[in-house]
Amino acid sequence: MASAATADVTKQSAAPGWGQRFFSLARTLLRRPSHALGTLISLLFLVIAIIGPLLAPYGANEQIVADARDGPSAAHWFGVDTLGRDVYSRVLLGTRDIFTLAGIGTLLAVLIGTSLGLLSGYRGGWFDELLMRFFDSVLALPALLLALLLLGTLGPSRQSVLFVIVIVYIPIVARVVRSVVLSVKTRSYIEAARVQGESSARILFREILPAVLPALAVEAALRFSYAIFLASSLGFLGVGVQPPSPEWGLMVNEARDAVSQTPWALYFPAAAISLLVISVNLLADGLKHVFQMDGER
Amino acid sequence: MTAYILRRLAFLGLTMLLTSLLIFVITQLLPGDVCRVILGREVGENALEACRLDLGLDQPAPVRYFTWLGDFLTGNWGNSYSTDAEIRPLVMERLGNSLMLAGFTMLVGVPIAIGLGVIAALNEGKAIDNGISLGALAVVGLPEFVTGILLIEILAFRLGLPANSSIRETATFAEAFPSLILPALTATFVLLAYVARLTRAGVIEELKQAYVRTAELKGLPRRTVIWRHVLRNAMLPTITVVAISFGWLISGLVVIENVFNYPGLGRLMVFAISRRDLPLLQAISLITVLGFALANLVADLLYAALNPRIRIGS
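Residues numbered from 1 in each chain as written. Chains lettered and ligands numbered in written order. Predicted model: local features only at pLDDT ≥ 70, side-chain atom pairs only at ≥ 80, totals over all residues. Heavy atoms only, no water.

Student: Would you explain the overall build of chain A in this entry?
Tutor: The helix and strand tally for chain A stands at 11 helices and zero strands. Reading the helices (α) and strands (β) of chain A from amino to carboxyl end gives α-α-α-α-α-α-α-α-α-α-α. Projected onto its principal axes, the C-alpha coordinates of chain A cover approximately 80 × 45 × 30 Å. Sorting the 297 residues of chain A into buried and exposed places 51% on the buried side. Partitioning the contacts of chain A with sequence separation of at least 6, the portion at a separation of at least 24 is 71%. For chain A, the exposed surface amounts to about 13,500 Å²; the carbon and sulfur share of it is 65%. Computed over 23 positive and 20 negative side-chain charges, the separation of the two mean positions in chain A equals 8 Å. (Helix = DSSP H or I, 4+ residues; strand = E, 2+ residues; numbered from the N terminus. Buried < 20%, exposed > 50% of the residue type's maximum accessible area, 1.4 Å probe, protein only. Contact = heavy atoms within 4.5 Å. Areas by Shrake-Rupley, 256 points an atom, 1.4 Å probe, with all protein chains shown as cover. Lys, Arg positive; Asp, Glu negative; His and termini not counted. Charge placed at Lys NZ, Arg CZ, Asp CG, Glu CD.)

The structure is reproduced here in C-alpha cells:
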C-alpha cells in the first residue's frame, strides 16, 4: 500500500515525460532573442570544438613561412602570425583546448561538488560543519589567487589547469547544492518518503536531486563561463597551458609583442574568448529565466 | 556593537588561521622537491641534503607550519629562493603599489558603477536601462587582459599615456598618476559591470516596497522619495557588493598588472610562480588574503553600523 502511494507520487512528478519536458524548457529558453543567440553561439562553439580539426585548413603549428605576417585574406581568413601560422586554424583548434579544460573541469567540479553538497546538506551534523568550515577557508582565497597558488606548486601544464579549475569550483557548487537541499529537506514529501522507510540513497537521488537540478544547471553554466575566463587568463599570464598550444589566452599573450605588425593574431583569439564567454553568460541568464529564478543573482 | 566587533574579529582570526594552514599545505605537501628546484638537476645528493637541513625540511610538517606561521607573525619572512633578497621589504613595497592602484580604482569606479546601476534601475525596461545592462554584460564577457590591451591600442597613443606602467619603486602618487590611469580604467570596467548589475537589482527590489507607494501617495516629490528613502535602503546591500567586488578586483589586478607591467603584488606573484619561489608565493598569498578578509570585515561592520537589525538581532 505504502509503496504503491510512493510510486504514484514519483509518476506524477515526472508526468509529462522527460522528452516533452525538455522540449518545453528548450522552447522557453529560445523565446527571448538574447537567450536564443547565446544558446546557439555556445552550441556552435561546441560543434567547432568537436569537429574543429575537420574544418581547419592548416595544422595548429604548421608554418607557412612564405605567408608570414599576411593580413586576413581569402587564403587566410584571420591572417597569419609572425611565425607563419594560420590564425583561423589556430582559433578553430583552440576551441577544443578551451572546451576540454573549462568544460571537463566544470563537469568534474559539478559532479564532485554536487555529491558533497547533497551529502553535507542531507546528513548535517559534524560532517556538514567540518566540510563547510573547510570550504569557507578555501573561499577566503580569491579564485585566481588559489589557482595561482596551486599552479605555483604543481608547475604550469594542461593537467594542472584542469585540476585547478576543479578544485576552485567544487566548494562553490557544493554550497549552492547544499542550500537547496536544506530548503527542501524539511518539505512534507521528503518526510513522507522517510517515514515510509525509503533508504537514504533513494531519498537523495530520487526525491532531493530533481529539486536541485534547476539551480545546478544555472550554476554549471555560470561556472563554465568563469572557467573559460580563468583558463584563458592563466594562459595569458603564461602559467597555464604552455606553448605551442593554440589556447586562446596564450595566443593573445604570444601576439602581444608583435601587435603593431600582426594585430589580427591578437584580436581574433581575443574576440573568440569574449564571444564565447558572453554567449555562455546569456545562456546562463536564459536558464535562470527558464527555471524562474530571475529574482536571484 | 562592541560585542559584535569582537565576535567578527575572532572570526577573522579563525579564518586566517585556517587559510594560512591551507596555503601552507598547498605549497608544502604537494609533489616537487624544493631543493631540487633551487639547486637544479645536476647537483649531488650531499648538497641536496645540506639544503634540506638548511631550510628545515627534515622537521615534521606540523612543526614546520608553526615555525613558519610564528616567523611570519613576528615579521621574519625569510629570503626569496630565487633572488635571495629579503621578502618582507619587497612584498611591502609591491603591496603599496597595488593598494595605490586598487584605491584609485575604487575611488573612481565605485561611484560611477553605483550611479549607472541606479540610473538603469530608475529607467527599468527603457532604452537606457537596456543599453547599460547590455554594456555591463558585454564588459563581463571581456577578460581583463582583452580590455587592457584594447584600451592601450585605442587610448594610450591618443592621450599620450604610457602603455607600460613600470613606475619607479619609490614613485609618489603624483609621479605615478599618469601610469595609473589606464590600468585603473581597465580595473574599473571589471567593477563597473559587476557593481552596476547588483546595484540595479537592489534598487528595483526597493522600488517595489510598500513604503515607496506610501511616500508617493502622501505627495512627496519623486526626487525626495528616491533620495531619502529608496537609495538609503538600496545602498545597504551595495556596501556588501563593493566589499565582494574588492575580491574580484584582487583577481583582476593580478592580470591587469601583468598587462601593463605595473610593479604590484600580482606581477610579483606570477614571477614567484615562474621561479617556483615558494616562500615568496606564501607571503604574497597570506598578505592578499589578509587584505581580502579585512575588506570583508569593514563591509560587515559598516553594514551593522547602518542596519541596527544586524547588531541587535544576532
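Let's pick the thread back up.
Student: Would you mind going over the overall build of chain B with me for this structure?
Tutor: Looking only at helices and strands, chain B features 13 helices and zero strands. Listed N to C, the secondary structure of chain B is α-α-α-α-α-α-α-α-α-α-α-α-α in terms of helices and strands. With the C-alpha coordinates aligned to their principal axes, the bounding extent of chain B is approximately 85 × 55 × 35 Å. Expressed as a percentage of the 314 residues in chain B, the buried residues total 46%. The contacts of chain B with a sequence gap of at least 6 include a subset with a gap of at least 24, amounting to 73%.

Student: Quick question: what am I supposed to make of the interface of chain A and chain B here?
Tutor: By a widespread convention, an interface's size corresponds to the accessible area lost as its parts come together. Between chain A and chain B, the residue contacts involve 42 residues of the former and 43 residues of the latter. Where chain A touches chain B, the interface holds one salt bridge. One salt bridge in this structure joins A:Asp285 and B:Arg197, with 3.9 Å as the shortest N-O distance. Put simply, chain A and chain B have two residue pairs in polar contact (both at pLDDT 80 or more) between them. Breaking the side of chain A that touches chain B down by element, the ones donating at least two residues are helix H5 (125-139), helix H6 (143-154), helix H9 (200-237), helix H10 (248-256) and helix H11 (264-290) of chain A. With 11 residues, the top contributor of residues to the side of chain A that touches chain B is H6(A). Taken together, the residues of the side of chain A that touches chain B break down into 29 nonpolar, nine polar and four charged. (Salt bridge = Lys/Arg side-chain N within 4 Å of Asp/Glu carboxyl O. Polar contact = N/O pair within 3.5 Å; in protein donor to acceptor, adjacent residues only side chain to side chain. Nonpolar A, V, L, I, M, F, W, Y, C, P; charged D, E, K, R; others polar.)

Student: What's the story with the pattern of salt bridges in this structure? I'm lost.
Tutor: Note on pairing: side chains with opposite charge can pair once their charged atoms come close. Residue and element names in this part refer to chain A. The tally for this structure, following the rule as stated, stands at 15 salt bridges over all chains. A salt bridge links Glu129 to Arg133, with the nearest nitrogen and oxygen atoms 2.6 Å apart. Linking Glu129 with Arg133, this pair stays in helix H5, spanning four residues, or about one helical turn. By relative accessible area, Arg133 is classed as partly exposed at 34%.

Student: What should I look at first to understand unusual backbone geometry in this one?
Tutor: Most peptide bonds adopt trans geometry, and most residues besides glycine take a negative phi value. The omega torsion of the bond from A:Pro243 to A:Pro244 falls at 5°, within 30 degrees of zero and hence cis. Positive phi values are uncommon outside glycine, yet A:Arg69 reaches one of about 70°. Within the secondary structure layout, A:Arg69 lies in the loop between helix H3 (33-55) and helix H4 (87-123). One non-glycine residue, B:Asp84, adopts positive backbone phi at about 65°. Residue placement: B:Asp84 occurs in the loop between helix H4 (61-73) and helix H5 (87-122).

Student: Could you clarify how one ought to interpret the packing of helix H8 (residues 173-207) of chain B against helix H10 (residues 222-260) of chain B in this entry?
Tutor: In a pair of packed helices, the angle between the axes and the distance between the axes together describe the arrangement. Residues and elements named next belong to chain B. Running from amino to carboxyl end, H8 crosses H10 at an angle of 155°, the nearest separation of the two axes being 8 Å. One element, H8, and the other, H10, form an angle in the roughly antiparallel class. Note on packing geometry: the crossing formed by H8 with H10 is right-handed. For the contact of H8 with H10, the residue count by class is 21 nonpolar, six polar and one charged. (Axes fitted to C-alpha atoms, helices over the stretch in contact; angles between N-to-C directions. Parallel < 35°, antiparallel > 145°, perpendicular 65-115°, else oblique. Left-handed = near helix turned anticlockwise from the far one by under 90°.)

Student: Where do I start with the nonpolar core in this structure?
Tutor: It is characteristic of soluble globular proteins that their nonpolar side chains tend to be buried jointly. By size, the foremost hydrophobic cluster in this structure holds 138 residues, and its most contacted members are A:Leu148, A:Leu234, A:Trp248 and B:Val91. For this core, the leading source of residues is H10(B), giving 16 residues. Counting contributing residues per domain, this core is built from domain 1 (2-73) and domain 2 (88-306) of chain B, each supplying no fewer than three. Residues contacting A:Trp248, with those up to four places away along its chain left out, are A:Phe45, A:Arg90, A:Val91, A:Gly94, A:Thr95, A:Ile98, A:Pro269, A:Ala272, A:Ile273 and A:Leu276. The next biggest cluster of nonpolar side chains, apart from the first, holds 16 residues, and it includes A:Val110, A:Tyr122, A:Val173 and A:Ile203. (Core = buried A, V, L, I, M, F, W, Y, C linked by side-chain atoms within 4.5 Å. Domains from an automatic or database assignment.)

Student: For this particular structure, what's the right way to read H3(A)?
Tutor: For an α-helix, 3.6 residues make a turn, and residues three or four places apart therefore share a direction. Residue and element names in this part refer to chain A. Between its terminal C-alpha atoms H3 stretches only 28 Å, short of the 33 Å expected from 23 residues at 1.5 Å a residue. In H3, a bend of some 55° at Ala49 exceeds every other bend along the element, and Pro53, a proline, comes one to four places later. If you follow the buried residues of H3, they end up packed against helix H2 (18-29), H4, H10 and H11. (Expected span 1.5 Å × (residues − 1). Bend = angle between axes of the 7 residues up to and from the residue.)

Student: What am I meant to see in the domain arrangement of chain B here?
Tutor: Residue and element names in this part refer to chain B. The domain architecture assigned to chain B consists of domain 1 (2-73) and domain 2 (88-306). Contacts between the two partners involve 16 residues from domain 1 and, on the opposite side, 16 residues from domain 2. When domain 1 packs against domain 2, close to 1,500 Å² is buried across both sides, 80% of that on carbon and sulfur atoms. When the buried area of domain 1 at its contact with domain 2 is split by residue, Leu12, Met16 and Phe72 rank highest and sum to 31% of it. On the surface where domain 1 and domain 2 come into contact, there are one salt bridge. For Arg8, the salt bridge goes to Asp300, with nearest N and O atoms at 2.5 Å. Seen at the junction of domain 1 and domain 2, the total is three residue pairs in polar contact (both at pLDDT 80 or more). Secondary structure elements with two or more residues in the side of domain 1 that touches domain 2: helix H1 (2-29), helix H2 (34-39) and H4. (Buried area = accessible area lost by both parts, 1.4 Å probe.)

Student: Where do I start with the packing of aromatic side chains in this structure?
Tutor: Ring pairs (aromatic) are described by centroid distance and by the angle formed between their planes. In the structure shown here, the tally under the stated rule is 15 aromatic pairs over all chains. Ring geometry for A:Phe78 versus A:Tyr88: centroids 5.1 Å apart, planes at 85°, classification edge-to-face. Of the two residues, A:Phe78 sits in the loop between H3 and H4 while A:Tyr88 sits in helix H4, which places them 10 residues apart along the sequence. Classification of A:Tyr88 by relative accessible area gives buried; the value is 17%. Centroid distance A:Phe236 to B:Phe145: 4.5 Å. Interplanar angle 5°. Geometry classified as stacked. Here the residue A:Phe236 occupies a position in helix H9, and B:Phe145 occupies one in helix H7 (residues 144-159), the pair thus bridging two chains. Given the relative accessible area of 0%, B:Phe145 is considered buried. Here the aromatic cluster, defined as three or more aromatic residues joined through ring pairs, consists of A:Trp77, A:Phe78, A:Tyr88 and A:Phe268. (Phe/Tyr/Trp six-rings, centres within 6.5 Å; stacked < 30°, edge-to-face > 60°.)

Student: In this structure, what is going on with the confidence of the model for chain A? I would like to understand it.
Tutor: Of all residues in chain A, 93% have pLDDT values of 70 or greater, and the mean over the chain is 86. Within the model, pLDDT remains below 50 along residues 1-14 of chain A, and this stretch shows six contacts once partners closer than five positions in the same chain are excluded. (pLDDT = per-residue confidence, 0-100.)

Student: Any chance you could explain the side chain of B:Ser285 here in plain terms?
Tutor: Mapped onto the elements of the fold, B:Ser285 is located in helix H12 (residues 278-306). The contacts of B:Ser285, once residues within four sequence positions are left out, are A:Leu145, A:Leu149, B:Ile23 and B:Met269.

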